[in-house]
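Letter by letter, the chains look like this.
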Amino acid sequence: MVLFRRGFNLPAPVKKASGWIVADSRYRLFVNGKRVQWGPAPSDPRWVEADPLDLSEFLKEGENVIGVEVLYYGLGDGTWPIGKPGFLFNLEVEARDGNVLKIVSNLSWQTLLARSWKPGQYKRWFIRALQEEFDGRLYPYGWLQPEFKPGKDWLPPMNLGCPADKPSSCAAYPEYATEIRGSKEVSELRRRRIPMLKETLVPAKQLSESLWIQWNRSPHDYFDNLTPDCFEAIRKPSATQVDTGSWKVTLEGSRAAALTFEIEEQVVGWPYFTIEAPEGTVVELMVQESHEVGGPALLNTQFYAWTRFICRKGINEFETFDFESCRWIQVHIRGATGEVIVRNVGMRRRVYPWANNPAIACSEPALQRLFDASINTLNNCAQETLVDGMARERQQYSGDGSHQLHAIYSAFGETRQTARYLTTFSQGITLDGYFLDCWPAYDRLARLMERQLQMTFWGPLLDHSVGFNFDCWYHYLYTSDLEAVREPYPRLLRFFKYLQSIKGSDGLLPAENLGVPSLYIDHNAFKRQRHKQCSFNLYTAAMLENALAPLCDAFGDAQWAEAAREFGAGLLKQTVGKFWDRKRYLFVDNLPWTKEEKESRCSDRTLATAVLFDQCPGGTMQPSVDMLANCPPEMGFSYPANAGWRLWALAKGERGDAVVNDLRTRWAPMDSVRLNNTLQEFWTVQADSGSQWSHCAVVPLYVLYMNIAGIKPLLPGYRKYEIVPQCADIRSLELVAHTVRGPIRMKWDGVVGERQLVIETPPEAAGEIALDKREDVFLKRLRSTGPLKRARYQLPAGEKVTLNLRYT
């Protein structure tokens, strides 16, 4: 951790102060003692994005100080794969008298190696780099104020010999830990493509528990190594409340106090607290997503999530440097005798500044709570990158992780964040042609090495590379923004060529023995790896026909489009030949091995893929829909983030009743929904464990828009769209679907036989609505929808339409 300080005088009031800042790996920026922002966003080390600056409201006439704390991770993180330390700053200050001052990163700055953070600290966990230990006795308090006088330990910065339009990975100096040097021909510094995140203070709801910890060994043995039997818990209150938001602890000898605070809902941000204590008092701050009062005495139960603070004498205001995802905060106080006061405990929450706020109102409290939990989950997992869970990995995935894109488009009307996702994820393509399926992140870089040594199952996931093609197509479909796909597009073609290279002699893509990559599809839906071959080939065939080929058409590449369709058709033909059960009229994942395995195995993922993309021979999808609705024991069932496939297929089969029932009975009762206002990773979770209580499985939210309200684009940019409502027996539902052509407002009221549907349509968009064929409505009838019992009607553009329905 290095402190960068620049003092200067402004002879006149400020009119405007704007510029750019970037650091490898992370910075925390202050102006005249006030926190301004934290960054930069996770990026590929070759194409780092610089953050914009607007310091107009922070600078004043007279003496000013800009202070920046810069952290170099050094070891891989879920938000940082690799890099080199460096700091770049460029600010232009325009005064009201017309004078302009430029402040850039040069030798006029002063720097300090901040030993308040121990240099060379070990790594916290596999994909969490910073194990923070902060000693307030060594921190140069006051350095952020103009009157501070730096001593001899403050030095001029070192010029890194790196062009100012390149990331610091291109610097010439040697980096001792990794010996890397970025290519100046390939790398470039880029502008940040999304807004800076919003930060708000969220105070703790209450002190939920306090107790004493009697240490039998050094606490360092426990926190460094989890040595057994280090302590005993004495379950008597260790804290007494002295006033609102303040608690007193009297420390004595070897006993430590543990105070556990609860937040209203799970959030992502920086835990903070204030403590008045004797010099040398040690505080380990621990966080957890879920905790049961009376459970483990110390909350160090999830990925070593502790931070150590050492107090200077008096009042200390502490806040972690890196962000966490949690609902519980514990402070473990030790190492001193005497009175300690703890107050002002909470989280500095970080949330993406969405283009629109979601608008959903449902008459059923349990469903409303479920939709609210989905929204809060998106606030936690969709920030600068689109991740699975912020508490464990903080990594950006395609595949099951990128289904959240549908909710982001419709509920928030957000396109900047999704466009950045396409770019940053695509940059993780390997020289072989497949994508590092969580990128930009350290995980898959490590897995490349581990796979070579047969030490892990987790290689780059090929099905996520397939899913990324869909991500690019859906972005174009929702937005008509082909420019956002321009950088990923040639990488999609490279992946297509890779797929062609691994086709087996049976005409299919293999599910096993793939070398460095691996095949995931789902945690739970398949008993054996070879069972995934059917699903993988159906999925890839669907992608080539319905995602890559249309994108090739959009870019005018007719030959590539034809090649994609031809290859996809071949995969589908061979899959039908190997896995289609001609007696049961559905795909059986282990059909070639049923005699050997003495059972028949299907999966929701395979069946849903075949239904959604019309892959059942002769259009015989009803047996698949029936199995998806009934869930017999022979059908493998996906984990939550992939469970949307089944609901999509049920909606296509006109089983909206089954979709709504699933939300009521499987999703709404989730522990995470009730306790954390979030959606959990697996169908069951445990408190005080490694369970992910806020995970990107926002299925209820995107299914609400796509299948219950039934709003989907048919042509890029919503030039044409459809509404196929399947609200089942929901009494009342009102929502707004945001599109690039304006909002679609929908209000649903009543029961079957007496329903009213009110729709407000956007201008300059051709809409269609599919209703029961028996309905008597004034709209122009277009056509039926094949096997479904619906007729299509034209919706007028830019109007409010009221429909009284008896059957839909």
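The structure under discussion appears in the preceding block.
Residues numbered from 1 in each chain as written. Predicted model: local features only at pLDDT ≥ 70, side-chain atom pairs only at ≥ 80, totals over all residues. Heavy atoms only, no water.

### Points about the sheet that holds strand β32 (residues 754-760)
- Strand order in the open sheet formed by 5 strands is β23-β30-β31-β32-β36, with antiparallel pairing between adjacent strands. In this open sheet, the two strands that pair with only one neighbour each are β23 (360-362) and β36 (800-805). Recorded for the sheet is a direction-independent mean angle of 10 degrees between the axes of neighbouring strands.
- One ladder, built from 7 bridges, connects strand β31 (residues 744-751) with β32; its direction is antiparallel. Looking at β32, one finds that V751 is bridged to E754.
- Strand contacts of helix α17 (residues 699-708): β23 and β30 (732-737), with the helix running at about 95 degrees to β30, the strand carrying the most contacts. (Pairing = 2+ DSSP bridges. Helix = DSSP H or I, 4+ residues; strand = E, 2+ residues; numbered from the N terminus. Axes fitted to C-alpha atoms, helices over the stretch in contact; angles between N-to-C directions. Contact = heavy atoms within 4.5 Å.)

### Concerning the sheet that holds strand β2 (residues 14-24)
- Read from one edge of the open sheet, 5 strands run β8-β7-β2-β5-β11, paired in mixed fashion. Sheet topology places β8 (100-104) and β11 (190-191) at the edges, where each strand pairs with a single neighbour.
- Summarising the sheet, β2 and strand β5 (residues 49-54) pair through 4 bridges and their orientation is antiparallel. Of the residues in β5, the one forming a bridge with W20 is P52.

### Structural notes on the packing of aromatic side chains
- Inspection of every chain in the model, using the stated rule, returns 61 aromatic pairs.
- Centroid distance Y718 to Y721: 6.1 Å. Interplanar angle 45 degrees. Geometry classified as tilted.
- Its relative accessible area of 2% is what places Y718 among the buried residues.
- Taking relative accessible area as the criterion, Y721 reaches 0% and is therefore assigned buried.
- Three or more aromatic residues joined by ring pairs form one cluster here, namely W117, F134, Y139, Y141, F273, F309 and F318.
- Here R350 stacks its cationic end above the ring of F323, 4.4 Å away from the centre of that ring.
- The ring centre of W683 lies 5.7 Å from the NZ or CZ of R666, which sits over that ring. (Phe/Tyr/Trp six-rings, centres within 6.5 Å; stacked < 30°, edge-to-face > 60°. Buried < 20%, exposed > 50% of the residue type's maximum accessible area, 1.4 Å probe, protein only. Lys NZ or Arg CZ within 6 Å of the ring centre and 35° of its normal.)

### Topic: the packing of helix α12 (residues 604-612) against helix α13 (residues 622-630)
- Between α12 and α13, the shortest axis-to-axis distance is 9 Å and the interhelical angle comes to 140 degrees. Classed by the angle they form, the pair α12 and α13 counts as oblique. For the pair α12 and α13, the sense of crossing is left-handed. Residue-level inspection shows D604, L607, A608 and V611 of α12 in contact with α13, the latter providing S624, V625, M627 and L628.
- Residue classes in the contact of α12 with α13 are distributed as 6 nonpolar, 1 polar and 1 charged. (Parallel < 35°, antiparallel > 145°, perpendicular 65-115°, else oblique. Left-handed = near helix turned anticlockwise from the far one by under 90°. Nonpolar A, V, L, I, M, F, W, Y, C, P; charged D, E, K, R; others polar.)

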